[in-house]
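These are the residues of each chain, in order.
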Amino acid sequence: MVALLALLLLVLPAFPFRAVAQQATRPGDGSTYSTRELVGSGHRFFGSVSRGLALTIEEATRRWGEPNGYILGQEAAGAFVGGLRYGEGVLYTRNAGDRKVFWQGPSVGFDFGGDGARTMMLVYQLPRVNDIYQRFVGVDGSAYLVGGFGMTALTANNILVVPIRAGVGARLGVNLGYLKFTPESTWNPF
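Each chain has its residues counted from 1, running along the sequence as written. With the structure being a predicted model, the display of local features is reserved for residues of pLDDT at least 70 and the display and counting of side-chain atom pairs for 80 or more, all residues being used for whole-chain, interface and lining totals. To get the side-chain values, take all heavy atoms of the structure and skip hydrogens and water.

This next bit is on the overall build of the protein. Secondary structure counts use DSSP, requiring at least four H or I residues in a row for a helix and at least two E residues in a row for a strand, with both numbered from the N terminus. What the protein contains, in helices and strands, is 4 helices and 5 strands. Reading the helices (α) and strands (β) of the protein from amino to carboxyl end gives α-α-α-α-β-β-β-β-β. Only protein chains enter the area calculation, which uses a 1.4 Å probe; residues under 20% of their type maximum are buried, those over 50% are exposed, and those in between are partly exposed. Counting every position in the protein, which comprises 190 residues, the buried fraction comes to 49%. In what follows, residue pairs with any heavy atoms lying within 4.5 Å of each other are defined as contacts. Sequence separation of at least 24 residues holds for 73% of the intrachain contacts in the protein that already meet a minimum separation of 6. Here the open area of atoms and residues is found with the Shrake-Rupley method and a 1.4 Å probe, where only the protein chains shown may cover a residue. When the accessible area of the protein is evaluated, it comes to approximately 9100 Å², of which 59% is carbon and sulfur surface.

As structure tokens, this is what we get:
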């Protein structure tokens with residue numbers, strides 16, 4: 001288990017989370033979503049946890065700028081060393097319309113528990129809507145009992161996806177995994 005955590009700590013710096021997102025962010029050019037727009041959309045979607053959501057969105061836009069798309073959806077996940085996550089939602093973009101998306105993926109690490117969550121994913125530097133259909137790799141960590149709120153970052157081919165989750169369940173751990181986005185629902189996480 002110690003070796004796995006050491007491996008995670010060595011792999012994490014290899015992901016260019018900050019640099020990737022800042023390259024394509026052009027605030028105010030009409031193709032991105034402002035913090036205010038994202039918080040408003042999140043308030044309508046998340047409801048009672050909106051204060052935590054607003055703070056998390058503000059932190060994400062402070063780090064990575066304004067996204068050019070976002071996904072609102074729901075997901076379920078469980079883990080006992082190895083884990084699985086499944087979700088569905090709608091990708092919103094300014095210039096390519098809205099599109100239904102599904103995601104699934106495995107993880108491995110020091111991770112135990114299960115949760116169900118409402119999810120908002122900020123999407124940065126998405127050149128075409130179809131480019132969302134690939135695997136996004138990242139490291140995730142959770143520590144909550146009954147409910148929790150969290151943010152992580154996943155990357156692939158200079159596109160950054162930042163899932164913000166408000167969930168119910170019990171979860172503890174750190175894992176390395178990926179989310180695979182697809183246009184159709186599937187049970188195959190690989």
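Here the narrative resumes, following the displayed structure.
Below, the discussion takes up the pattern of salt bridges. Side-chain pairs of opposite charge can arise whenever the charged atoms involved come near each other. The salt bridge definition used is simple: a Lys or Arg side-chain nitrogen within 4 Å of an Asp or Glu carboxyl oxygen. Throughout the structure, instances matching the rule amount to 11 salt bridges. Asp-111 is the salt-bridge partner of Arg-171, the closest N and O atoms lying 2.8 Å from each other. Of this pair, Arg-171 sits in strand β5 (residues 159–182) while Asp-111 sits in strand β2 (residues 98–124), placing them 60 residues apart in sequence. Across the pair, exposure class does not vary: Arg-171 and Asp-111 are buried alike. As a salt-bridge pair, Asp-140 and Arg-165 come within 3.6 Å of each other at their nearest N and O atoms. Note that Asp-140 is positioned in strand β3 (residues 135–151) and Arg-165 in strand β5, a separation of 25 residues in sequence.

Aromatic pairing here means that ring centres of Phe, Tyr or Trp (its six-membered ring) are within 6.5 Å. Orientation follows from the plane angle: under 30 degrees is stacked, over 60 is edge-to-face, and everything else is tilted. Inspection of every chain in the model, using the stated rule, returns 8 aromatic pairs. Where Tyr-33 meets Tyr-70, the ring centres are 4.9 Å apart and the plane angle is 85°; that geometry is what we call edge-to-face. Linking Tyr-33 in the loop between α2 (17–24) and α3 (35–46) with Tyr-70 in strand β1 (residues 69–93), this pair joins segments that are 37 residues apart in sequence. On the accessibility criterion, Tyr-33 (7% relative accessible area) is buried. Summarising the aromatic geometry, the rings of Trp-103 and Phe-181 are spaced 5.9 Å apart at their centres and angled 45° between planes, so their arrangement reads as tilted. Note that Trp-103 is positioned in strand β2 and Phe-181 in strand β5, a separation of 78 residues in sequence. Comparing Trp-103 with Phe-181 shows no difference in burial state: the two are buried. Counting every residue linked through ring pairs, the aromatic cluster contains Tyr-33, Tyr-70 and Tyr-92. When the ring centre of Tyr-33 is taken as origin, the NZ or CZ atom of Arg-94, which lies over that ring, is 4.3 Å away. Lysine NZ or arginine CZ positioned within 6 Å of the ring centre and within 35 degrees of the ring normal marks a charge as sitting over the ring.

So, about unusual backbone geometry. The backbone of Val-81 sits at a positive phi, close to 70°, despite the residue not being glycine. Position of Val-81 relative to the elements: it lies in strand β1. Backbone geometry places Asn-158, a non-glycine residue, at a positive phi of 65°. Of the residues examined, Asn-158 reaches a relative accessible area of 45% and is grouped as partly exposed.

This brings us to a nonpolar patch on the surface. Residues enter patches when their relative accessible area tops 30% and they take part in no salt bridge; the joining distance is 9 Å for like charges and 5 Å for the nonpolar side chains Val, Leu, Ile, Met, Phe, Trp and Tyr. Nonpolar side chains collect at one region of the surface, where Phe-80, Val-81 and Val-108 lie side by side and expose about 280 Å² of accessible area between them. On the basis of relative accessibility, which here comes to 31%, the residue Val-81 falls in the partly exposed class.

For the rest of this paragraph, the subject is the side chain of Thr-61. Looking at where Thr-61 falls in the secondary structure, it is placed in helix α4 (residues 50–64). Reaching out from Thr-61, the side chain makes a polar contact with the backbone oxygen of Glu-58 at a distance of 3.2 Å. The term polar contact refers here to a pair of N or O atoms within 3.5 Å; inside protein, the definition further demands a hydrogen-donor-capable atom paired with an acceptor-capable atom, and it admits residues adjacent in sequence only when both atoms are side-chain atoms.

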